[in-house]
Amino acid sequence: MPPQLPRMILAEIRAVFGRSSGRAALVIAALLGILAVVGLHQAGEVAAEVKSNGVPAAGMLDVDLKGALGWSLQFRNFFVLPLLLSLSAAASLSGELAGNTFRELLVRPVPRWSVIVAKTVALMALSAATLGLTFSTALVGGAAVFGMAEGVGAVAAGFATTWLCDLGLVVMTLLLASFLRSVGGVVVALALYLMADRMVGMGLGLLGSLGVDWASAVRPYLPGNALSLWADWDGSFDGGKAIGLAGLIVVCFAGTVLRVQRMDVP
């Protein structure tokens, strides 16, 4: 490991947290935990007034601390935070390529792979910070509103799994960013790929329902499906998703390193 790596990581952390996308991610992450608690409390009050066959609909909701944490996990992984994380990753590489500042990193007497490691670690620090903010605000707010509850460890495991899913999203974004000099272009390309991946997954699901065995076996390994591994926090763990996520991380990180190793930056 090059001796400069810790300083490189600190410099990247300052850059990532200093960008508008990083600051916005932190603010929104904290708000989402509060929103989950307030939303669940309001939903519980409304459901208590609604009855189905004489039974209050509130019985279909987990109006407790575990439910609040579960809602916060869903909110955290719905569109906005993954988008901001992708924007941060794209700005970290393609933004610097467009601004001609990436060359300054590559001409330093350090291995090029260490530059990608420093950027990845900094981005994952941002991911961990957003997850910690959402979890802690939902935990404190949920405990104050609903009291303590059993079984919150499973939701905590879901937050931990989300960090691994974020790693997959980050390295995928960095790989795209190594080929494109436009931050917006990277985000659009990523969105289009994930949309296409979803369509392929739906097609494989349809084939599986028609009795095509290989389609059902292949579907969990798709990158888009692997990135949703966090959703299995309730106990429905899918080994295929885990393998797909591990493969995605290794392939995209290695691909980014190889791309940067061969990059000729004027």
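Residues numbered from 1 in each chain as written. Predicted model: local features only at pLDDT ≥ 70, side-chain atom pairs only at ≥ 80, totals over all residues. Heavy atoms only, no water.

### Digging into the overall build of the protein
If you tally the helices and strands in the protein, you get 11 helices and two strands. In sequence order, the protein lays out its α and β elements as α-α-β-β-α-α-α-α-α-α-α-α-α. Along the longest, intermediate and shortest principal axes, the C-alpha atoms of the protein span 75 × 50 × 30 Å. Evaluated residue by residue, the protein yields a buried proportion of 41% over its 266 residues. Accessible surface, the protein: about 13,000 Å² in total, of which carbon and sulfur atoms supply 68%. Across the protein, the mean location of the 17 positive side-chain charges is 15 Å away from that of the 15 negative side-chain charges. (Helix = DSSP H or I, 4+ residues; strand = E, 2+ residues; numbered from the N terminus. Buried < 20%, exposed > 50% of the residue type's maximum accessible area, 1.4 Å probe, protein only. Areas by Shrake-Rupley, 256 points an atom, 1.4 Å probe, with all protein chains shown as cover. Lys, Arg positive; Asp, Glu negative; His and termini not counted. Charge placed at Lys NZ, Arg CZ, Asp CG, Glu CD.)

### Here's the deal with helix H11 (residues 239-261)
With 23 residues, H11 should reach 33 Å at 1.5 Å per residue; the first-to-last C-alpha distance of 33 Å fits that figure. When we look at burial in H11, the residues that qualify are Gly 240, Lys 241, Gly 244, Leu 245, Leu 248, Ile 249, Cys 252, Thr 256, Val 257 and Val 260. (Expected span 1.5 Å × (residues − 1).)

### Quick look at the packing of helix H6 (residues 112-146) against helix H7 (residues 152-177)
Close contact between H6 and H7 brings their axes to 10 Å; oriented N to C, the two are set at 150°. Crossing handedness for the pair H6 and H7: right-handed. Side by side, H6 and H7 meet where Thr 120, Leu 123, Met 124, Ser 127, Ala 128, Leu 131, Thr 134 and Phe 135 of the first sit next to Ala 156, Phe 159, Thr 162, Trp 163, Asp 166, Leu 167, Val 170, Val 171 and Leu 174 of the second. Taken together, the residues that form the contact of H6 with H7 break down as 12 nonpolar, four polar and one charged. (Axes fitted to C-alpha atoms, helices over the stretch in contact; angles between N-to-C directions. Left-handed = near helix turned anticlockwise from the far one by under 90°. Contact = heavy atoms within 4.5 Å. Nonpolar A, V, L, I, M, F, W, Y, C, P; charged D, E, K, R; others polar.)

### Examining helix H3 (residues 65-76)
Compared with an ideal rise of 1.5 Å per residue, which puts 12 residues at 16 Å, H3 spans 16 Å between its outermost C-alpha atoms and is within 8% of the ideal. Within H3 the residues assigned to the buried category are Leu 65, Gly 67, Ala 68, Leu 69, Gly 70, Ser 72, Leu 73 and Arg 76. The backbone nitrogen of Lys 66 has a side-chain oxygen 3.4 Å away, supplied by the residue at the start of H3, namely Asp 64. (Polar contact = N/O pair within 3.5 Å; in protein donor to acceptor, adjacent residues only side chain to side chain.)

### Quick notes on the layout of surface pockets
Quantified by volume, the largest pocket comes out at close to 930 Å³. Forming the boundary of the largest pocket are 27 residues, of which Asn 77, Leu 194, Arg 198, Gly 224 and Leu 227 lie nearest the centre. Looking at which element gives the most residues to the lining of the largest pocket, the answer is helix H8 (residues 183-209), with nine residues. (1 Å grid on protein atoms, 1.4 Å probe; cavity = no way out; pocket = protein on both sides within 12 Å on 5 of 7 lines; lining within 4 Å. Points joined across faces, edges and corners; volume = space filled by probe spheres on them.)

### Thoughts on the packing of H6 against H11
Taken N-terminus to C-terminus, the directions of H6 and H11 make an angle of 135°; their axes are 9 Å apart at the nearest point. Between H6 and H11, the angle is such that the two are oblique. Seen along the crossing, H6 lies across H11 with a hand that is right-handed. In this structure, H6 uses Arg 112, Trp 113, Ile 116, Val 117 and Thr 120 to contact H11, whose residues at the interface are Phe 253, Thr 256, Val 257, Val 260 and Gln 261. Of the residues that constitute the contact of H6 with H11, the class distribution is six nonpolar, three polar and one charged. (Parallel < 35°, antiparallel > 145°, perpendicular 65-115°, else oblique.)

### Let's talk about the packing of aromatic side chains
Each aromatic ring pair is specified by the distance between its two centres and by the angle formed by the two planes. Using the criterion set out here, one finds two aromatic pairs in the structure. Geometrically, the ring pair formed by Phe 135 and Phe 159 is edge-to-face, given 5.1 Å between the ring centres and 75° between the ring planes. Of this pair, Phe 135 sits in helix H6 while Phe 159 sits in helix H7; the two residues are 24 residues apart in sequence, bridging distant segments of the chain. (Phe/Tyr/Trp six-rings, centres within 6.5 Å; stacked < 30°, edge-to-face > 60°.)

### Regarding the nonpolar core
Within soluble globular proteins, side chains that are nonpolar generally end up buried alongside one another. If you look at the biggest cluster of nonpolar residues, it comprises 49 residues, and the most contacted ones within it are Phe 102 and Leu 245. Listing elements by their share of this core, those giving two or more residues are helix H1 (5-18), H3, helix H4 (80-98), helix H5 (102-106), H6, H7, H8 and H11. What Leu 245 contacts, discounting residues up to four positions off in sequence, is Leu 164, Cys 165, Gly 168, Ala 226, Leu 227 and Leu 229. (Core = buried A, V, L, I, M, F, W, Y, C linked by side-chain atoms within 4.5 Å.)

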